[in-house]
Amino acid sequence: MTSAAKVVPFRPQGQPRRARRRRPNARRGAAAAPGLDLESLARLWSRFYFAWHSDEVDEFGYDPKFTETVLPFFEFLYTVWWRVDALGVENVPRKGPALIVSNHSGVLPWDGVMINLAVRHEHPARRACRMLALDMFALLPFLAPLLAQSGAVRANPENAERMLRKGELVGVFPEGVKGVGKRFKDRYQLARFGRGGFIRIALRTGAPIIPCAVVGAEEIHPALAKMNWLGKPLGLPYVPITPTFPLLGPLGLVPLPTRWSIEMAEPIPMDAYGPDAADDPMLVNRLAERVRGTIQGMIDARLAQRRSIWLG
Amino acid sequence: MRPRRVAVTGTSSFLGSRLLRRLAEKQGPAQVVAVDVAAPARNLGVRHREIDLTRPGSDQELLDAFREEDVGAVFHAAFFTNPRRDTGLAHELESIGTLNLFAAAAAAGVGHVVLRSFTALYGASGQNPAFLTEDRPLHPDPSLAWARDKLEAEQHAVSFARRYPDLRVTVLRLAPLFGPKVQNFYTAIFDRRIVPVVMGYDPLLQLLHPDDALAAAEAALERAPRGAINVVPKTPIPLLTAVHLAEKIPAPVPHPMAYLLGDLLWTTGLGPAPGAFAHYARFGFVADGEKAQRELGFAPRYSSRDAVLAWIAYRKPRLAASKAEARA
């Protein structure tokens, strides 16, 4: 049987082209046709959007479907790029509130993502850790919605306390901007731990504190100097100069593949002091200093063991 | 003894007209007084007092009305939910009108006044905590006349509550209404095929289903708590999720331009709101609804997503049908 190529007309021959459009209900018919009018564009866009976003988020904007979608990229960073060694993750309680307190470094908040992944992958209960993000990240256009959808929350006492009262695991970087933006020459020297706000929250909610030391993140973007004058008009507290940025442009934002370790110490119980202890500034400062000392000790021990930045 | 009557002001507003109907059904039309320049639907059979709150001397008219009708509680809903170009009229109605209303209510011995207010008065800012509680100071953008007049109305409420301890004042801060038959600038924006959004931002919105708003208003009249109470839906929804649920095309505008563009469209009569409203498309103003649960016994039945879906079912029935089909 031979079948030659046959022209199949789109519309019955002889019918005028405009005929369909003139019908008052033409739109109804057009819905099935794959034309690129605004309506079908909106429908396509909506399908694309909901292919990787859920249509309902939690009260802080956490979107589990979005997080699942972007997870493979972060898993690549975790296992291949930075080859993270996670130690002591079992110190995180299986359930109930807890506050992970960590050093902050690396110009961009990659350490928060990696702590989150360490708990998610290496903890028996596969807990999700809600990171408290600095204003400079949590309010930055484009980054802000991404952080919220992946479970981070703007760092402020009300938000932290609300999540701990709901029994969530919360991660916080008390060094704040001073930590993440520190220069290469100051690496692994912990900055001041804010004003002890994280201790007050832990005291009020009775959540235990888990000191956490991240080693390896200080070298991913070695900030040689900072251009504060450029940061101001962009709404950033600093713009770092690293060996690759701004020299290589956007390529300079690729972090260096150092080897990381994330170590978590045994929880420090806070419920023995009672919620009223949050109003005792001397106690708050003493506890904050104790947590800071623990983390600095863990970092120093880890650095003494480390033989290479790249190989660990 | 016959219980004292309930008066509702602003009965031509969306919430006011609904509340009037509900009260007439529950307490009987003879127990309800409508205070508005326009007469309520005749078939309701409620009592009507034609008082223009913007007119000087309206306080005396209100006082007479409250005394003659033996009014025990007032629900004050005479507010413009949409920004107006005629800011002078809005100021007279919302700020001065509320002042007149409270003066008359206090003088007439009305026991309880409920003021309809807005969670938008907290102001949208990056500094807001994820949940705004009622004790949070109100800081709307000072250039927004829309918010300024409503803020003044709340200040009058606070000052009268302090000066007249016998007057119970409830301030109901409602999240933006969204749902079937609602007409405000949110629905006006969603009525278009292309929805302007601020580039790089996706704030959480609280969109309140009208049924929830009504239930909260009734509960406020019933329980008569003192102070401000947020009335919010179960959960918020990200702006872009709402846009895509309704199958609209988002048009991202960089934020330095959004304010200018908004003002330009507003002054030329094309846009639904002045540029400063772009704050509300950049930052969240999500309020905490716990106090309403505690003091009103009000638990929202709908989430913001439910409100959007209800609006879609009303406004785009074909889309709603295809969504239902996809679910089945």
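Residues numbered from 1 in each chain as written. Chains lettered and ligands numbered in written order. Predicted model: local features only at pLDDT ≥ 70, side-chain atom pairs only at ≥ 80, totals over all residues. Heavy atoms only, no water.

Q: Where do I start with a nonpolar patch on the surface in this structure?
A: Among the surface-exposed residues, A:Leu36, A:Leu38, A:Leu41, A:Leu44, A:Trp45, A:Phe48 and B:Ile194 lie close enough to one another that they form a single nonpolar patch of about 680 Å² accessible area. Top contributing element to the nonpolar patch by residue count: helix α3 (residues 38-51) of chain A, with 5 residues. Along the chain, A:Leu41 turns up in helix α3. A residue is classified by how much of its surface remains accessible, and A:Leu41, at 31% relative accessible area, is partly exposed. (Patch = residues over 30% accessible without salt bridge, like charges linked within 9 Å, V, L, I, M, F, W, Y side chains within 5 Å. Areas by Shrake-Rupley, 256 points an atom, 1.4 Å probe, with all protein chains shown as cover. Salt bridge = Lys/Arg side-chain N within 4 Å of Asp/Glu carboxyl O. Helix = DSSP H or I, 4+ residues; strand = E, 2+ residues; numbered from the N terminus. Buried < 20%, exposed > 50% of the residue type's maximum accessible area, 1.4 Å probe, protein only.)

Q: Before we go on, may I ask you to explain the nonpolar core in this structure?
A: A general feature of soluble globular proteins is that nonpolar side chains tend to end up buried together. Residues and elements named next belong to chain B. Ranked by size, the top nonpolar core spans 113 residues in total, and within it Phe66, Phe75 and Leu172 carry the most contacts. Here this core takes 8 residues from helix α3 (residues 87-108), the largest share from any one element. Apart from residues no more than four positions distant in its own chain, Phe75 is found in contact with Ala7, Val8, Thr9, Leu15, Leu19, Val114, Arg116, Leu172, Ala217 and Leu221. (Core = buried A, V, L, I, M, F, W, Y, C linked by side-chain atoms within 4.5 Å. Contact = heavy atoms within 4.5 Å.)

Q: Could you clarify how one ought to interpret unusual backbone geometry in this entry?
A: Of the consecutive residues A:Phe245 and A:Pro246, the connecting peptide bond is found in the cis state with omega at 5°. Assignment of secondary structure puts A:Pro246 in the loop between β8 (240-241) and β9 (261-264). At B:Lys181, a position not held by glycine, the phi torsion is positive, near 70°. Looking at where B:Lys181 falls in the secondary structure, it is placed in the loop between β6 (168-174) and α5 (185-190).

Q: How should I be thinking about the sheet that holds strand β3 (residues 129-133) of chain A in this particular structure?
A: Residue and element names in this part refer to chain A. What the 7 strands build is an open sheet, ordered β1-β9-β6-β2-β5-β3-β4; its pairing is mixed. Two strands close off the open sheet at either side, each with one partner strand: β1 (85-87) and β4 (153-154). As defined by bridge partners, β3 adjoins strand β5 (residues 169-172) across 3 bridges and the pair is classed as parallel. Residue pairing in the sheet places Arg130 in a bridge with Val170 of β5. Set on the sheet, helix α5 (residues 110-122) makes contact with β1, β2 (98-102), β3, β5, β6 (209-215) and β9; between it and β9 the angle comes to about 65°. (Pairing = 2+ DSSP bridges. Axes fitted to C-alpha atoms, helices over the stretch in contact; angles between N-to-C directions.)

Q: Mind showing me how you'd approach the packing of helix α11 (residues 304-315) of chain B against helix α12 (residues 317-327) of chain B here?
A: Helix-helix packing is characterised by the crossing angle of the two axes and by the distance between the axes. Residues and elements named next belong to chain B. Packing of α11 against α12 brings their axes to within 5 Å, and their N-to-C directions diverge by 120°. The angle between the axes of α11 and α12 places the two elements in the oblique class. Taking contact as the criterion, the partners of Arg305, Leu309, Ile312, Ala313, Tyr314 and Arg315 in α11 are, on α12, Pro317, Leu319, Ala320, Lys323 and Arg327. Residue classes in the contact of α11 with α12 are distributed as 7 nonpolar, no polar and 4 charged. (Parallel < 35°, antiparallel > 145°, perpendicular 65-115°, else oblique. Nonpolar A, V, L, I, M, F, W, Y, C, P; charged D, E, K, R; others polar.)

Q: I would appreciate a short explanation of the interface of chain A and chain B in the present structure.
A: Often, the extent of an interface is quoted as the loss of accessible area upon association of its parts. Counting residues at the interface gives 30 residues for chain A and 32 residues for chain B. Taking both sides of the interface into account, the surface hidden between chain A and chain B amounts to around 2,800 Å²; carbon and sulfur atoms contribute 56%. Across the contact surface, chain A and chain B share 6 salt bridges. With its nearest N and O atoms 3.3 Å apart, the salt bridge here joins A:Arg162 to B:Asp288. Elements supplying a minimum of two residues to the side of chain A that touches chain B: α2 (26-30), α3, α7 (143-149) and α8 (157-165) of chain A. Looking at which element gives the most residues to the side of chain A that touches chain B, the answer is α3(A), with 9 residues. When the residues that make up the side of chain A that touches chain B are grouped by side-chain class, the tally is 13 nonpolar, 6 polar and 11 charged. (Buried area = accessible area lost by both parts, 1.4 Å probe.)

Q: Explanation requested: helix α12 (residues 281-305) of chain A in the structure shown.
A: Along an α-helix, residues three or four apart share an orientation, since each turn contains 3.6 residues. Residue and element names in this part refer to chain A. Between the first and last C-alpha of α12 there are 36 Å, a value that for 25 residues agrees with the 36 Å anticipated at 1.5 Å per step. Residues of α12 that are buried: Leu283, Val284, Leu287, Ala288, Val291, Ile295, Gln296, Met298 and Ile299. For α12, the secondary structure elements touched by its buried residues are β2, α10 (197-205), β6 and β9. Near the N-terminus of α12, the side chain that reaches the backbone nitrogen of Met282, with its oxygen 3.2 Å away, is that of Asp280. (Expected span 1.5 Å × (residues − 1). Polar contact = N/O pair within 3.5 Å; in protein donor to acceptor, adjacent residues only side chain to side chain.)

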